[in-house]
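Report on the structure
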Amino acid sequence: MFVPELQPYYRHTGSWLQTERHTDRQTDRDRHTDRQTDRHTETDTHRQTDRQTHTHTHTHTHTDRQTDRQTDTHTETDRQRHTQRQTDRQTHTHTHTETDRQTDRQRHTQRQTDRQTDRQTDRQTYRQRHTQRQTDRQTDRQTDRQTDRQTDRQTDRQTDRQTDRQIEMGNSALKSHLETSQKTGVFQLTGKGLQEFPEELQRLTANLRTVDLSGNKMESLPPAIGNFLHMKSLTLNNNRITSIPSEISKLKKLETLCLNGNRIVELPPSLGQLKALRTLSLSGNQMRTFPPGLGTLRHLDVLDLSRNHIQHVPAEVCELQAIEINLNQNQISVLSPEVSRCPRLKVLRVEENCLELSSVPLSVLSQSSVSLFSLEGNLFEVRSLRDLQGYDQYMERFTATKKKFA
């Protein structure tokens, strides 16, 4: 603000004002310069700070990255360790399982070996027992033969004496039997030591139906046996007969033929013509082969071939119409599976033979009509049959038959 009263002063001091103004300007300039300097300094400080911050941040980021990498490394290591543990477990489990399997296989193999050893031992034991039984039988037979020979000699002497007496007495006993037989149609003369078929019986061919000459010494039958056309039963047990004449085929009404305990080796083919025959008993003879040609005996019920020397039962056995077949005490080691095809067979006896368990036809158990299959005394234990296929079916038939006749 301008004051007039001070004008002289202003004039006097004009130069000073200019100087002051100049000084003020210089001061303002200095201040401006200082502010700019401060700004630059502040800017530089901020930049340094930013750089430090960036450097710190970069360092921190780098450190974090390193930490993350280490963490990733640890994580990857943990994964590898986990994978390794799983692999170890699997390997251990697999190794353990494989070891168990090998152990089980070894145990199974050992059990099978033990079973085979037991079976072989059992077979050997049974074979030894069977051989011992056969040896005992042969010994017994030899002893029996010797005893029989001695007995026969004594009997022959006694018979000769009796025969002489009978001759002296005019065969009164035979005459009395003949007279009785003429009335009854039955002639029975056992244990009298007859050496041949009585010729006197020829007078009774018209009405004689039953003849029993067991326990004598006849070695053969005469061809005249074919003249007894009405005969239904012929029993010649425990004689010395070695053969049967073919003329026996003429006995068309014969129903029972018993030739046990003789020395017959084979049967005549003509025997198959006895169409009415129901019982054929040939136990205790010397046959080594199964008799052929019996399939034509359509009414045959019982066939007894026990106590012979038969070793093989052929496939032709299927032709038999028998209800019961007895093959006990032979030497049979082969039994044809065709036996299961016998249409009427109910009872099959094969005791005390040479059969092994593998030789038993499974078809007899599962596919036949046999309700009694007797196998005691062979080369195996009878209880082993329980493991064979078809045993349950056989037991059903056995039980049903047992209940039927209970």
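Residues numbered from 1 in each chain as written. Predicted model: local features only at pLDDT ≥ 70, side-chain atom pairs only at ≥ 80, totals over all residues. Heavy atoms only, no water.

The next point concerns the nonpolar core. Within the largest apolar cluster, 65 residues are counted, with the highest numbers of intra-cluster contacts made by Leu213, Leu257, Leu280, Leu348 and Phe373. Secondary structure elements with two or more residues in this core: helix H3 (172-184), helix H4 (362-366) and helix H5 (391-404). Those residues in contact with Leu348, other than ones at most four positions away along the chain, are Ile325, Leu335, Val339, Val364, Val370, Leu372, Phe373 and Ser374. (Core = buried A, V, L, I, M, F, W, Y, C linked by side-chain atoms within 4.5 Å. Buried < 20%, exposed > 50% of the residue type's maximum accessible area, 1.4 Å probe, protein only. Helix = DSSP H or I, 4+ residues; strand = E, 2+ residues; numbered from the N terminus. Contact = heavy atoms within 4.5 Å.)

Below, the discussion takes up the sheet that holds strand S2 (residues 210-212). Strand order in the open sheet formed by 9 strands is S1-S2-S3-S4-S5-S6-S8-S10-S11, and the pairing between neighbours is parallel. Edge positions in the sheet fall to strand S1 (186-188) and strand S11 (372-374), since each of these pairs with one other strand and no more. Between one strand axis and the next, the sheet turns by 5 degrees as a mean value, whatever way the strands run. Looking at chain direction, S2 and strand S3 (residues 233-235) are connected through 3 bridges and run parallel. Looking at S3, one finds that Thr210 is bridged to Ser233. (Pairing = 2+ DSSP bridges. Axes fitted to C-alpha atoms, helices over the stretch in contact; angles between N-to-C directions.)

Since the α-helix packs 3.6 residues into each turn, any two residues three or four apart lie on the same face. Over its 14 residues, H5 extends 20 Å from the first C-alpha to the last, a length consistent with the 20 Å expected when each residue adds 1.5 Å. For H5, every residue scored as buried is listed here: Tyr391, Tyr394 and Arg397. Taken around the axis of H5, the buried residues stretch over an arc of 125 degrees, which confines them to a single face. Counted as exposed and oriented over 90 degrees from the buried face of H5: Asp392, Glu396 and Lys403. Of the surrounding elements, those touching the buried residues of H5 are H4 and S11. (Expected span 1.5 Å × (residues − 1). Arc of directions from axis to C-beta.)

A surface patch of like charges, here positive, comprises Arg107, Arg111, Arg115, Arg119 and Arg123. Note on placement: Arg119 falls in helix H2 (residues 14-168). Arg119 sits in the exposed class, given a relative accessible area of 53%. (Patch = residues over 30% accessible without salt bridge, like charges linked within 9 Å, V, L, I, M, F, W, Y side chains within 5 Å. Areas by Shrake-Rupley, 256 points an atom, 1.4 Å probe, with all protein chains shown as cover. Salt bridge = Lys/Arg side-chain N within 4 Å of Asp/Glu carboxyl O. Lys, Arg positive; Asp, Glu negative; His and termini not counted. Charge placed at Lys NZ, Arg CZ, Asp CG, Glu CD.)

A few words now on the pattern of salt bridges. If you walk through the whole model with that rule in mind, you get 5 salt bridges. Glu324 is the partner of Arg349 in a salt bridge, and the nearest nitrogen-oxygen pair spans 3.2 Å. Taken together, the residues Arg349 in strand S10 (residues 347-349) and Glu324 in strand S8 (residues 324-326) connect sequence positions 25 residues apart. One salt bridge connects Glu381 with Arg383, and the closest N-O pair in it is separated by 2.4 Å. With a relative accessible area of 56%, Arg383 lands in the exposed category. Taken together, the shared-partner salt bridges connect Arg278, Asp301 and Arg344 into one network.

Our focus in this paragraph is the side chain of Asn262. Among the secondary structure elements, Asn262 is positioned in the loop between strand S4 (256-258) and strand S5 (279-281). Under the relative-accessibility criterion, Asn262 is labelled buried at 5%. From its side chain, Asn262 meets the backbone nitrogen of Arg240 in a polar contact 3.3 Å long. Ignoring sequence-local partners within four residues, the contact set of Asn262 consists of Leu236, Asn237, Asn238, Asn239, Arg240, Ile241, Gly284 and Asn285. (Polar contact = N/O pair within 3.5 Å; in protein donor to acceptor, adjacent residues only side chain to side chain.)

On to unusual backbone geometry, then. In this structure, Arg307 is a non-glycine residue whose phi angle is positive, near 55 degrees. For Arg307, the position within the fold is in the loop between strand S6 (302-304) and strand S7 (312-313). Although it is not a glycine, Glu352 adopts a positive phi angle of roughly 55 degrees. One can find Glu352 in the loop between S10 and H4.

With respect to the helices, strands and loops of the structure, Ser363 is situated in helix H4. Here the alpha-carbon distance between Ser363 and Pro337, two residues 26 residues apart in the chain, equals 6.3 Å. Sequence-distant contacts of Ser363, that is, excluding residues within four places in its chain, are made with Pro337, Ser340 and Ser368.

So, on to the environment of Gly226. In this structure, Gly226 sits in the loop between S2 and S3. Residue Gly226 is classed as buried on the basis of its relative accessible area of 2%. The residues contacting Gly226, other than those within four sequence positions of it, are Glu247, Lys250 and Leu251.

Enumeration over the complete set of coordinates arrives at 3 aromatic pairs. Here the aromatic rings of Phe197 and Phe228 are separated by 6.0 Å at their centres, their planes lie at 70 degrees, and the arrangement is edge-to-face. Taken together, the positions of Phe197 in the loop between S1 and S2 and Phe228 in the loop between S2 and S3 put the pair 31 residues apart, joining distant regions of the chain. The residues Phe197 and Phe228 share a single accessibility class, namely buried. (Phe/Tyr/Trp six-rings, centres within 6.5 Å; stacked < 30°, edge-to-face > 60°.)

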